[in-house]
Amino acid sequence: MFESAALGRSYPAKEYAALENDLRMKLFKAQGTCIEHKLPVLITIAGVDGSGRGAVANMLSEWMDAKTIRNHVFWMQTDEERARPEAWQFWNKLPAGGEIGIFLGGWYGGTIRRFCCGDIGEREFNASMERWRRLEHTLASSGTVIVKLWLHLGKKVQKARLKDRLKHQEIHHFTPYDKKSAENYDGLVSAAAKAITLTDRVDAPWTVIDAYDGNFRNASVARAIIAAVEAAVAVKRQNAVPVVPTKASEEEIGQISALDAIDLSRTCERGVYKKELAELQSELYDLTYKAYKKGISSTILFEGWDAAGKGGAIRRLTAGIDARITRVIPVSAPTDEELAHNYLWRFWRHIPRAGFVTIYDRSWYGR
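In this report, the structure presented in the accompanying data block is examined. (Residues numbered from 1 in each chain as written. Predicted model: local features only at pLDDT ≥ 70, side-chain atom pairs only at ≥ 80, totals over all residues. Heavy atoms only, no water.)

**Some points on the overall build of the chain**
The number of helices and strands found in the chain is 15 helices and eight strands. The proportion of buried residues among the 367 residues of the chain is 41%. A separation of at least 24 residues holds for 80% of the contacts in the chain among residues at least 6 apart in sequence. For the chain, the exposed area adds up to about 21,300 Å²; of that, 54% sits on carbon and sulfur atoms. (Helix = DSSP H or I, 4+ residues; strand = E, 2+ residues; numbered from the N terminus. Buried < 20%, exposed > 50% of the residue type's maximum accessible area, 1.4 Å probe, protein only. Contact = heavy atoms within 4.5 Å. Areas by Shrake-Rupley, 256 points an atom, 1.4 Å probe, with all protein chains shown as cover.)

Now the structure itself:
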C-alpha cells in the first residue's frame, strides 16, 4: 500500500514559517474545543525507525498547552503489567475528557515488530489486530477522538537515518525488536501495511504521513489532528439534538423475558444447604488455588435487584477462596475521575492479576 505514496515532499523554510503560525493557532484552538466539550483525544504515533516519532510528540507539546497532554511510551512492561492482559497497560493510560493522550507506537508498535521479526505468526497477528479494532470501536462509540498516524520513509532514507541513530545509541532508546525490525525494512513495511489495512475504519482511520522533511511532517500531523477534532465536534453537536422516544409496539410489550421464566418459589432445606455449601466452598478453594498456580485469573460479576442477596452470596463465595488472592469491587456511583474517562475505565483498572480473583458487586452491565 505504501508503493503509491508520494515520498520526499518538503516545505522550504520560508513557506513553512508562513504556515506554522496558522497551524499552531488552529491546533491550540482545537485543544481548547476538546477541553470545552470534554472530548478525550487518543493520538497514536507509529512509523518506521528514524521517521521522527519523538520529534512529533515534542512538537505537539510545544504547539499546544502541555498541561492536558499525556505522553506514553511502552518500551518495557512492568511486573504488574506482565501479570495482566496485554491491553491493561494501555487501558490505564487512556485520556480523560478534555485530555490528549499520545501513545508512541501504541498497541500497534510492538505487535507489528514482533510479526516482522517472526516471533508471532499471521494468525496471532490477525487476532491481535481484530482486538485493537474492536477496542477502538468501543472507544470511538463513547466519544473518544482517535487519531492514528503512520510516519513513513523510503528505504534509502530510512537506512541512512538508522545508521545515524546507531552512532548515537546513548540518546536513542532501542527495544529488543527495534534494531532487528529496522534492519528488515521490507518486512516492517509489509507488516505495517497489513496492520493498517485490517484496522483502518471510519471511526478510527489511519493517516500515512511523508516524514522525509520535518516541516512537511509537522504540518501534516497538525492538519490530521485538527480535522479529526473538527469532525468529532460536528458529530457531538449533531447527537445533541434530542431524540423523541417511540412508543413500544404491542408485539414488544407482549414479549416474555428470560427473567419471567425463572421459578422464584424454589427453596433448599437448611440442613442440605449447609452440607452442600461446605462441600462447594471446599471445592472452590481447591479450584482457585489450582488456577493461581497456573496463572489463570478469574472475574466474577454479580447483578440483580436491590435486596436480591448479592452481598450475602458474595460473602459465602469469598468464604471459599483464600482472601490473599481475592478482591471484591463494589460498584456505586462513579467518582469525578471515573466520569472523566471511558465508562469501562473504572472496571478495567481492577482486572485481576494472573492467578487472582476479582468479584464485581454490580458491573458494566448495570448501566
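**Side note on the pairing of strand S3 (residues 100–104)**
Each regular strand shows side chains that alternate between the opposite faces of the sheet. The element S3 is largely enclosed, with a buried count of four among its five residues. In this structure, strand S2 (residues 69–73) lies alongside S3, joined through five bridges in parallel fashion. Pairing of Ile69 across the sheet is with Ile100, part of S3. (Pairing = 2+ DSSP bridges.)

**Some details on unusual backbone geometry**
Phi is positive for Ala307, which is not a glycine, with a value near 70 degrees. Relative to the helices and strands, Ala307 resides in the loop between strand S6 (298–302) and helix H13 (310–318). Given a relative accessible area of 85%, Ala307 falls into the exposed group.

**Some remarks on the sheet that holds strand S7 (residues 326–330)**
To summarise the sheet geometry, strands pair through backbone hydrogen bonds and adopt either a parallel or an antiparallel arrangement. Read across the open sheet, the three strands follow the order S6-S8-S7; overall the sheet is parallel. Edge positions in the open sheet fall to S6 and S7, since each of these has one partner strand only. Each strand axis lies, on average, 15 degrees off the axis of its neighbour in the sheet, ignoring direction. Pairing of S7 with strand S8 (residues 357–361), which is carried by five bridges, proceeds in the parallel orientation. Following the sheet pairing, Thr326 is matched in S8 by Val357. (Axes fitted to C-alpha atoms, helices over the stretch in contact; angles between N-to-C directions.)

**Overview of a positive patch on the surface**
Residues Arg270, Lys274, Arg315 and Arg316 make up a contiguous surface patch of positive charge. If you list the elements that add at least two residues to the positive patch, you get helix H12 (270–294) and H13. Take Arg270: it is sitting in helix H12. (Patch = residues over 30% accessible without salt bridge, like charges linked within 9 Å, V, L, I, M, F, W, Y side chains within 5 Å. Salt bridge = Lys/Arg side-chain N within 4 Å of Asp/Glu carboxyl O. Lys, Arg positive; Asp, Glu negative; His and termini not counted. Charge placed at Lys NZ, Arg CZ, Asp CG, Glu CD.)

**Digging into the side chain of Glu338**
Counting through the fold element by element, Glu338 comes out in helix H14 (residues 336–339). Polar contacts involving the side chain of Glu338 include one to the side chain of Arg346, which spans 3.3 Å. At 3.1 Å, the side chain of Glu338 forms a polar contact with the side chain of Arg349. Glu338 has contacts with Trp345, Arg346 and Arg349, leaving out every residue within four places of it along the chain. (Polar contact = N/O pair within 3.5 Å; in protein donor to acceptor, adjacent residues only side chain to side chain.)

**Here we look at the packing of aromatic side chains**
Across all of its chains, the model carries 19 aromatic pairs by this definition. Measuring from ring centre to ring centre gives 5.7 Å for Tyr285 and Tyr289, while their planes differ by 45 degrees; the resulting arrangement is tilted. Of this pair, Tyr285 and Tyr289 both sit in helix H12, separated by four residues, roughly a single helical turn. Note on Tyr285: relative accessible area 34%, which makes it partly exposed. Look at Tyr289 and you get partly exposed, because its relative accessible area is 22%. Clustering of aromatic rings is evident, with ring pairs tying together Phe74, Phe90, Phe103, Trp107 and Trp132. Across from the ring centre of Trp88, 4.3 Å away, lies the NZ or CZ of Arg84, which sits over that ring. (Phe/Tyr/Trp six-rings, centres within 6.5 Å; stacked < 30°, edge-to-face > 60°. Lys NZ or Arg CZ within 6 Å of the ring centre and 35° of its normal.)

**Concerning the state of the cysteines**
Each disulfide consists of a covalent bond between the sulfur atoms of two cysteine residues. According to the stated counting rule, one finds zero disulfides in the structure shown. This cysteine, Cys117, is not joined by any disulfide, and Cys116 carries the nearest cysteine sulfur, 4.7 Å off. (Disulfide = S-S within 2.5 Å.)

**Here's the deal with the side chain of Asp213**
Looking at the element boundaries, Asp213 is found in the loop between strand S5 (206–210) and helix H10 (214–239). Here Phe216 takes part through its backbone nitrogen, which lies 2.9 Å from a polar atom of the side chain of Asp213.

**Examining the nonpolar core**
One finds Ile43, Ile45, Leu60, Trp107, Ile112 and Val221 to be the most contacted residues of the largest nonpolar core, which totals 76 residues. Element by element, the count of residues in this core is highest for H10, at 11 residues. Not counting residues up to four positions away in its chain, the partners in contact with Val221 are Val56, Met59, Leu60, Leu149, Leu151 and Ile209. Residues Phe302, Leu317, Ile325 and Val357 belong to the second largest nonpolar core, which totals seven residues. (Core = buried A, V, L, I, M, F, W, Y, C linked by side-chain atoms within 4.5 Å.)

**Comments concerning the pattern of salt bridges**
The full count for this structure, using the stated rule, is 22 salt bridges. The shortest N-O distance in the salt bridge between Glu130 and Arg133 comes to 2.9 Å. Highlighted residues: Glu130 and Arg133, both in helix H6 (residues 122–141), separated by three residues, approximately one helical turn. Since its relative accessible area comes to 34%, Glu130 is described here as partly exposed.

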